[in-house]
Amino acid sequence: MASTVDVSGNTVMTTPPNQQSDDAHGYYTLGEKIADTKAPAGPIKDRWTTHKMNNRLVNPANRRKLDVIIVGTGLAGGAAAATLGEAGYNVKSFCYQDSPRRAHSIAAQGGINAAKNYKEDGDSTYRLFYDTVKGGDYRSRESNVYRLAEVSANIIDQCVAQGVPFAREYGGLLDNRSFGGVQVSRTFYARGQTGQQLLIGAYQAMERQVAAGTVTQYTRHEMLELIIVDGKARGIIARDMVTGAIETHLADVVVLASGGYGNVFFLSTNAMGSNVTAAWRAHRKGAYMANPCYTQIHPTCIPVSGDHQSKLTLMSESLRNDGRIWVPKKAEDCTKDPRDIPEEDRDYYLERIYPSFGNLVPRDIASRQAKNVCDEGRGVGPMVGDFRRGVYLDFADAIKRLGEDAVREKYDNLFDMYERITGENPYEVPMRIYPAVHYVMGGLWVDYDLQSGYFVLPNTIREYLADGPFDAIDESHPEVVAARTEVEDRIQKFLSINGTRTVDSYHKELGNIMWEYCGMERTEDGLRKAIDMIRELKADFWSNVKVLGTADSLNQSLEKAGRVADFLELGELMCIDALNRRESCGGHFRAESQTEDGEALRHDDEFAYVAAWEFGGEGGQPVLHKEDLVYTAIEMKQRSYK
Ligand SMILES: Cc1cc2nc3c(=O)[nH]c(=O)nc-3n(C[C@H](O)[C@H](O)[C@H](O)COP(=O)(O)OP(=O)(O)OC[C@H]3O[C@@H](n4cnc5c(N)ncnc54)[C@H](O)[C@@H]3O)c2cc1C
């Protein structure tokens, strides 16, 4: 891609990507290019400040006239409800769990990054920005990432003010540790329970607003449809999961903070309930789905042990600060007790291949290398099928260097969790780990204001609501009636099929297809095959699924049916997106696009764009809109962690 250097010495791309390959030909229609029209210009370090200054304000008296629906009570939705409630808006908050505190965020372990430079190890806002753009393999927007880096320091302050008990050093200052892909220590943590502590902080702040009357909480309510009126999201249709009642909720704005969809793979580290329905319903109503195939595979999870599992468990990334990853050099040693394998027969492969970053290479790289050594027949642990899926994460050196007490102080709950699940004591024998689906980077396409055309995410909600209150609507509005009818019909359809297969069996089969063909490594042939298999599975689902129970009671089979139906559509789109992108970037590894030494090879000249997919209608082809990625403050380079 052509580039010039601007007056500040920054590289500016001048030629938009020109895609030559068309692997997904016949699966999609090409739509108009799109741009992030809200993206501010000017020096990167001033963009957010200037943008905030230019945003309009809503005076406190007017805020009381504005209704906000927030779907989700995790770290995103919980914090948004607390903030908007405190600002004086009328907030309705929804989650499908029995308490906001059960949002999946509670499971986050390792910590939260902020460029505070407390360790004086050379950190800065720019370095966090740089590490993040590089870690994301130059496929994220620079303005958004810079803002993330910039506000990171304030987020820590806010969490501390909410009472989050971050780990502290002996002198009382907040402690930091490292995470993958970086050479500084900037991760703030609360042992291996950071998400839990952060969520409790956000939850308490939200409950304060519930008591103050600004936030009304709807637990065990699942949003099943979005209501669009005159191009704006004005409400949701939700099902009371206990009584089965279908409810209509209207507002001036809808915030979707409904979490990730990693469970499309069935086995993942996500909470069992995490699903795509809220986002997918918005997608079907016109919101674009951006880069749906970008999936993060986490290298340090407890390996799959058989066919019986419904969930995988993460062992926090933070463990790679002190644990050393290795496999035997010789395949014949793989069945030995690891403690009997002498040092010279061990292959610390990450330290060998990536001497600069060692065990702290980014997740995609550590995952792929684990797969490579296991594919070579050097995996450890029990055979699962015809394959040993595991590498060692060994703390013997750390225990020798720091003492067992120090290691215990940092990681005890993680070690305990490992022992409870595997029956092995990691203070005595190395842990066994293997990559698993952890996180998705794709999701609804939003602009710099985090708006997706007609609904918004919280940061810039003020700007959106400055135009409100919007025309009042009631439940008799044709769009409201239509949305409600869609939900009721769909529920009846699920219950009437009365086939022979359980919902879970479809989910599991979909997950196997996704992991096999759209997981850690993807090929053109495999993705084509996956699309055919998913289409067949979807057709079978709609004719042969058995949903037990009735609509007017607690019915988990019915809940899951809706989610799996949406996963089937999402899975197909993910494969089409992966097929289209004939390059490797970060977690998206196309076997056809690698360097001589097997690293991910990007093609900036063809693919430096966000793929934003529009729903093509029932049975129609998805429409691909491309948003060019333009870097002015950072030079696009081939990633290297060597
Ligand atoms: C095991 C694990 C460890 C992690 N560790 C870290 C870490 O150390 N550091 C880090 O930065 N990140 C970590 N992550 C990632 C991090 O946890 C997530 O990015 C983050 O918690 C997502 O927050 P959220 O608020 O967007 O979603 P969630 O916490 O998933 O919340 C989603 C909310 O939406 C609601 N919802 C969804 N759909 C509907 C619907 N249809 N109707 C009504 N409500 C709905 C749910 O009820 C829930 O309240 C980890 C992830 C996992 C899986």
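Remember, predicted model here, so these are calculated numbers, not experimental data. (Residues numbered from 1 in each chain as written. Predicted model: local features only at pLDDT ≥ 70, side-chain atom pairs only at ≥ 80, totals over all residues.)

### A few points about the overall build of the protein chain
Under the convention used in this document: Only DSSP runs of H or I with at least four residues qualify as helices, and only runs of E with at least two residues qualify as strands; both kinds are numbered from the N terminus onward. In this description the radius of gyration comes from C-alpha coordinates, and the expected globular size is given by 2.2 Å times residues to the power 0.38. Whether two residues are in contact is decided by their C-beta atoms, placed from the backbone, lying within 7 Å.
The helix and strand inventory of the protein chain stands at 17 helices and 23 strands. Taken over C-alpha atoms, the radius of gyration comes to 24 Å for the protein chain, in line with the 26 Å a tight globule of 642 residues would show. With respect to the principal axes defined by its C-alpha atoms, the protein chain has extents near 75 × 60 × 55 Å. For the protein chain, contacts bridging at least 24 residues in sequence account for 71% of all contacts bridging at least 6.

### Structural notes on the site of the ligand
Worth spelling out the cut-off: Here, nearness is defined through the C-beta atom: a residue counts as near a molecule or strand if that backbone-placed atom lies within 6 Å of it. Note that Gly is not counted as nonpolar here; it falls among the polar residues with everything else outside the nonpolar set of Ala, Val, Leu, Ile, Met, Phe, Trp, Tyr, Cys and Pro and the charged set of Asp, Glu, Lys and Arg.
As a matter of local geometry, the ligand sits amid 36 residues, with Gly72, Gly74, Ser105, Gly110 and Gly259 nearest to it. When residues of the shell around the ligand are traced back to their parent elements, those giving at least two are α3 (75–87), α6 (194–212), β9 (221–229), α7 (277–284) and β20 (431–440). Within the shell around the ligand, the residues separate by chemical class into 15 nonpolar, 20 polar and 1 charged.

### Observations regarding unusual backbone geometry
In the segment running from Gly468 into Pro469, the intervening peptide bond is cis, with an omega of -10°. Within the secondary structure, Pro469 sits in the loop between α12 (461–465) and α13 (478–497). Backbone geometry at Asn117 places phi at a positive 55°, although glycine is not the residue there. Of note, Asn117 is situated in the loop between β6 (112–113) and α4 (125–135). With a phi angle near 55°, Tyr138 is a residue other than glycine that sits in the positive phi range.

### Some words on the pairing of strand β15 (residues 324–328)
Counted only if it meets this: Exposure is read from a count of other C-beta atoms within 10 Å of each residue's own; the residue is exposed at 12 or fewer, buried at 20 or more and partly exposed in between. C-beta atoms are placed from the backbone. DSSP calls a pair of strands paired once it identifies at least 2 bridges connecting them.
Across the 5 residues that make up β15, a large majority, 4, are buried. By the bridge criterion, 3 bridges tie β15 to strand β19 (residues 391–394) in an arrangement that is antiparallel. By the bridge assignment for β19, Arg324 is matched with Asp394. Of the pairings in the sheet, the one linking β15 to strand β16 (residues 346–347) comprises 2 bridges and is antiparallel in character. Looking at β16, one finds that Pro328 is bridged to Arg346.

### Remarks on α13
Formally: Every helix has an expected span of 1.5 Å times one less than the residues it contains.
Between its first and last C-alpha, α13 extends 28 Å over 20 residues, near the 28 Å set by a 1.5 Å rise per residue. Of the surrounding elements, those touching the buried residues of α13 are β9, β10 (232–240), β11 (246–250) and α16 (556–580). Immediately downstream of α13, the backbone of Asn498 shows phi near 55°, a positive value.

### Comments concerning the sheet that holds strand β22 (residues 609–614)
Short version of the rule: Each axis is a line fitted through C-alpha atoms, taken for helices only over the stretch in contact, and angles between the N-to-C directions span 0 to 180 degrees.
Pairing in this open sheet of 5 strands is mixed, and the strands run β3-β23-β22-β13-β21 from one edge to the other. On the outer flanks of this sheet lie β3 (29–30) and β21 (443–444), each paired with one strand and no other. Across 2 bridges, β3 lies against strand β23 (residues 623–628) in parallel orientation. Note that in β23 the partner of Thr29 across the bridge is Val623. Of the strands in this sheet, β13 (289–290), β22 and β23 touch α16, which is tilted by about 145° from β22.

### Side note on the pairing of β22
Most of β22 is tucked away: 5 of the 6 residues are buried. Sheet topology places β13 next to β22; 2 bridges connect them, and they run antiparallel. By the bridge assignment for β22, Met289 is matched with Trp613. Bridging between β22 and β23 involves 6 bridges; their strand directions are antiparallel. When the sheet's bridge partners are listed, Tyr609 is paired in β23 with Asp628.

### Some remarks on the nonpolar core
Inclusion rule: In this usage, the nonpolar core is the set of buried Ala, Val, Leu, Ile, Met, Phe, Trp, Tyr and Cys residues whose C-beta atoms join them within 7 Å.
Core analysis: the largest hydrophobic core is formed by 168 residues, its most contacted members being Val68, Ile70, Val71, Val255 and Cys575. With 13 residues, α16 is the largest single contributor of residues to this core.

### What to know about helix α14 (residues 503–518)
With 16 residues, α14 should reach 22 Å at 1.5 Å per residue; the first-to-last C-alpha distance of 21 Å fits that figure. Of the residues making up α14, those classed as buried are Val503, Tyr506, His507, Leu510, Gly511, Ile513, Met514, Trp515, Tyr517 and Cys518. Tucked into the core, α14 has its buried residues touching α15 (524–544) and α16.

### Digging into the domain arrangement of the protein chain
Quick reminder of the rule: The split of the chain into domains comes from an automatic or database domain assignment.
As far as domains go, the protein chain holds domain 1 (110–192), domain 2 (296–439) and domain 3 (478–607). Taken residue by residue, the interface counts 4 residues in domain 1 and 4 residues in domain 3. Broken down by class, the residue content of the side of domain 1 that touches domain 3 amounts to 1 nonpolar, 1 polar and 2 charged.

### Here we look at the sheet that holds β9
With antiparallel pairing, 3 strands are arranged side by side in an open sheet as β9-β10-β11. If you trace the sheet from one side to the other, it starts and ends with β9 and β11, each paired once. The sheet shows a mean angle of 25° between the axes of neighbouring strands, taken without regard to direction. Taken together, the 8 bridges between β9 and β10 define a ladder with antiparallel strand orientation. Residue pairing for β10: Glu225 is matched across the bridge by Ile237.

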